[in-house]
Structure formats: structure tokens, C-alpha cells
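Per-entry structural report
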Amino acid sequence: MMENQQSPNQHTIKTPATISGVGLHTGASVNMTLKPGNPGSGIKFRRIDLPNQPVVKADVDYVVDTARSTTLEHNGARVNTIEHIMAALVGTGVDNVEIDIDGPEVPIMDGSAMSFIELIEQAGVAEQDAKKVYYTIDTNITYYDDKKNVEMVALPAVDYRVTCMIDFNSPVLGTQHANLNSLADFRSEIAPCRTFVFLHELEYLINNNLIKGGDINNAIVIVDKPVSEEELARLATVFQRKNIRVEQREGILNNIKLRFPNEPARHKLLDIMGDLALVGYPIKAHIIANRPGHASNVEFARRLKQYIKKNKHIKDVPVYDPNKPAIFDLPRIERTLPHRFPMLLVDKIIDLTDTQVVGIKNVTFNEPFFQGHFPNNPVMPGVLQVEALAQCGGILALNTVPDPENYDTYFIKIDNCKFKQKVFPGDTMILKMELLSPIRRGIVEMRGTVFVGNKIVTEGDLTAQIIKTRG
């Protein structure tokens, strides 16, 4: 499998790649194209068939339905059955990708993630010049649904592992469990495993027109009751087959050969990976799930995200851990910004998404401005603190354009600027810039805050314009 699952850097795909198929539940024929994404941008779906091509980010905050699959909706964009492509992206170590889709549902293909793995391999995986920040947990995080008898737990671990157990009280399935001890095994051990449905569920779905794209080839149908010849004939008509059979009294419809003895449990593990990817942060933990489903997966994802956000920020103060690698180090910053000594005022970037950036500036007595600015009582000039914020904002803005080296950012307005505390030599400034609104026509509106420790020292609203470099 690919070497990038444990890489310290983020990854995207090298070239666009398209796949076509039918949605399992909607029956809609769709074309889906994966495109390279900028560092820190994550996974985004764009409904190119809708006016203004609205985008929904693959985030648990935008899950609106988990009845038969996982559905996202935001900005007027709704996308069904996203869990298999999400699992494939996790399994191949892809962090940032834009997914253009011209219909309401990700194609089901054969019911597994294998077609998406092959699509990603066709596109190629590219390492990006930005660090991948993994989040770890230091305590057990649990979720329990007593009505459905579902239990999920995340245990502290040095990598990402998943264990899944299922028990449907079925003589055909029995009790099954599956393990994924390394993402390197995802392609061979988990990706080929297809979705499954019990015959009694299938009959309900057919009668209520809920699986318009269903076919014998995209799901394993488990026959959990005796079936009459009349029922088999009706199913053959529904699936447009000459005949459908079950050789044993109870078994698998059309006697499809399982790819693994525990293929259903492995597919449930695949679903867990896809749904938990909606946490939005790469995590190192051992996930153990008993009788999971999409609803419980999503609720557990919400709990994990809440834990990470709570521990990532204290009162929204960015946490600076000098032991963690920078997302952008100084050489990488210099390749993005035109500034150089003595005007380059950002030492590293520790957080970068499509809406926020956090940078670090270590203030020392050797700064050239201290020679003339209160030399007997050195205080960092407030205007230079704002300049440091502006440079972080430039990195955030340029991260949204396809060729950042061909653009510069120029700040055109500063509002509501306040200096609340002095900054002295020896202080470490944490520089946070957040988008206040979507970027339109190259205009970038941001809220900037400078922290020293947990204290706000400077804040203000800054507006910049992205302009193509001359020459």
C-alpha cells in the first residue's frame, strides 16, 4: 500500500480523476471527479449541477441524515452516501481533495471502497509542503446507545487502529469481528468489502422505493428467512434478472461468493472509518465498536471532535506545543511570502485550514527595532504586531489560490484595532487570523488576534486584497 499513511506531511492527488455510476438510494446517474486540494483545506464536495455550484465540507457538523447512509448538507449542497469515498481517502492517506459531483449521491459502484481506491491510484498521490498534525487522546472516550445496544470507545494509541464487532442475531451471519491494525492493510483487507442488507430489509426498501439504484451487484443480500419461488420471481423482476436463487434454505441471494468469511464485519469497519473521517482531524487512537451503525458512528464522531476542539483550544486560545512539527517552517513561509529579514515577522505556522491560520513569532532582544524603540524599556511596536498578523493573513489568503507563488496580498484596511498588553523580549506571540466571510473577488476579510500565553495582547479586523504578481 502507499507509503504516505504515516508520512509527516499532508497529501492530495496529483491529477483530476473521474468515476461514474449510480446512487444506491436515489438511483441517480452521477459523474464524480476528484481534484487536488490546497494544504489544510480538507475534503470538500461541490455540487456542480446546482446553481452557483455550492460546496459542503466533509464535516460532522453538516451531517443531516444517517437513516441508510451518511448524508451531508450545507450551503444548499446535499450529498448522500459519502462514507465509502471518505474511507478510501483515509485508507490512502489523502488529506485534501475537492470532489465535483453532478448529482445528489456518491455512486455506489460494487458497494465497496475498491473503485475509489483505484480512482485515487489512477490520479496519483502527491505529498504537499505542509505538515500533517495528528491529534492524540490521553483518556478513553466512550459512546453508548442503550436503545440500540451500541458501544464505541476510543483508546489512546500510537497510531490509528479499528476493531469492529457485529451481532445481528442471524444464523447466516452469526457474530463476527474485524480488525485493521495498520492503514497499510486497508486496500487489501477492508476496501474490497461490500455493503450488505437482509432480505426482510430489502423488501421494505423496495416496497417504499428507497433503493432506486439497488442491484444484485452492489450489495450482498443476506437471506435470513425461507423464500418462496414466488418471492424469488418478484425479486428477479425488480433487479431485471432472468432468475434469482438461493441454493440453501437460508444464505446469500444469488449465492454471491463472499470475499472474506467476515466480509460484513469488515464492511462495517469500512463505514466506521468513513464516518469518523468527518471529525476533520487525523487522529491516533484505537477505535473499538460493538454493533455500530451510521447514526452511532456520527454521534461518536461528534464526541471525538468536541474532545479535540476542547483540548485544542482553551477559551479559543490556540495551543502552541513546540514539540509538534510546524505545518509551515521558515523556508516554506519564505516560498509563500515575499518578506525577508528584518521584515519577515512569522517564524512558523502551526495550524492552517481554509478559514483559519495560526502562526508563531518568537520575540527576542536581538530584533532590530529594539535598538530605537524604547531601548531602555524595550516594547515591541504595535504596528509590527499588526504586520505579523497581516503576514499570517497573507498565508491564509494565498492558500486559497491555485498558484500562490504568482500572487501577493496587500492589506487595504484595518478596523477596530486594540492593543491590550505590551509585548516584551522573550515573549512568544501566537498569531491567529480567521476569515470573517468567504473570499470574494480577491477581497479577504479577517479577524486577527495576538496572544501571549492565554492573554490577548492585540486584536483587530484586517482586510486584504489578493493581487497577481507583476512580471
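**A word on the packing of aromatic side chains**
Scanning all chains against the criterion turns up three aromatic pairs. Ring centres of tyrosine 135 and tyrosine 281 lie 5.0 Å apart, and the angle between their planes is 70°; on these two criteria the pair is classed as edge-to-face. Taken together, the residues span a long stretch of sequence, with tyrosine 135 in strand S11 (residues 135-136) and tyrosine 281 in the loop between helix H6 (263-276) and strand S19 (283-290) at a distance of 146 residues. Of the residues examined, tyrosine 135 reaches a relative accessible area of 14% and is grouped as buried. Aromatic side chains phenylalanine 369 and phenylalanine 370 sit 4.6 Å apart centroid to centroid with 65° between the ring planes, which places their arrangement in the edge-to-face category. In this pair, the class of phenylalanine 369 matches that of phenylalanine 370, namely buried. Ring pairs connect the aromatic residues Phe365, Phe369 and Phe370, which therefore count as one cluster.

**Things to note about the sheet that holds strand S25 (residues 428-435)**
If you trace the six strands from one edge of the open sheet to the other, you get S22-S23-S25-S26-S27-S24, paired in antiparallel fashion. Here the strands that pair on one side only, and so sit at the sheet edges, are strand S22 (348-352) and strand S24 (407-419). Within this sheet the neighbouring strands show an average axis-to-axis angle of 25°, counted without direction. Across four bridges, S22 lies against strand S23 (residues 356-362) in antiparallel orientation. Opposite isoleucine 349, over in S23, you have glycine 359 as the bridge partner. Along the sheet face, helix H9 (residues 382-398) touches S22, S23, S24, S25, strand S26 (443-452) and strand S27 (455-468) and points at about 135° away from the line of S24.

**Some points on the pattern of salt bridges**
Two side chains that carry opposite charge are able to pair once their charged atoms sit near each other. Scanning the model with the defined rule gives 23 salt bridges in all. A salt bridge links arginine 47 to aspartate 49; its shortest N-O distance comes to 2.8 Å. Between glutamate 434 and lysine 432 there is a salt bridge, with the nearest N and O atoms lying 3.7 Å from each other. Each of the salt bridges in this network shares a partner with another, and the network as a whole consists of Lys35, Arg46, Glu98 and Asp100.

**Observations concerning the sheet that holds strand S3 (residues 29-36)**
Strands sit in the order S2-S3-S9-S4-S5 across an open sheet of five strands; the sheet is mixed. Only two strands of the sheet have a single partner each, and these edge strands are strand S2 (17-22) and strand S5 (55-57). Adjacent strand axes in the sheet meet at a mean angle of 20°, parallel and antiparallel pairs treated alike. Judged from the six bridges that link them, S2 and S3 form a sheet pairing that is antiparallel. Counted as the bridge partner of glycine 21 is valine 30 from S3. Contacts between helix H1 (residues 83-91) and the sheet are confined to S3, strand S4 (43-47) and strand S9 (97-101), with S4 contributing the most and set at about 145° to the helix. Of the strands in this sheet, S2 and S3 touch helix H2 (residues 114-123), which is tilted by about 160° from S2.

What counts, and at which threshold
In this numbering scheme, every chain counts its residues from 1 along its sequence in written order. Predicted model: local features are reported for residues with pLDDT of at least 70 only, side-chain atom pairs are reported and counted for 80 or more only, and whole-chain, interface and lining totals are derived from all residues. Side-chain descriptors were evaluated using all non-hydrogen atoms of the structure, hydrogens and water having been removed beforehand. Aromatic rings from Phe, Tyr and Trp, with only the six-membered ring used for Trp, were paired whenever their centres fell within 6.5 Å, and each pair was classed as stacked if the ring planes differed by under 30 degrees, edge-to-face if by over 60, and tilted otherwise. Here a helix means four or more residues in a row that DSSP labels H or I, a strand means two or more in a row labelled E, and each is numbered from the N terminus. For the exposure calls, accessible area comes from a 1.4 Å probe over protein chains only, and a residue counts as buried if that area is under 20% of its type's maximum, exposed if over 50%, partly exposed in between. Here, strands pair whenever DSSP counts at least two bridges between them. All axes are obtained by fitting lines to C-alpha atoms, using only the stretch in contact for helices, and the reported angles, taken between N-to-C directions, cover 0 to 180 degrees. Any two residues having at least one pair of non-hydrogen atoms within 4.5 Å are treated as being in contact. Salt bridges are counted wherever a side-chain nitrogen of Lys or Arg sits within 4 Å of a carboxyl oxygen of Asp or Glu.

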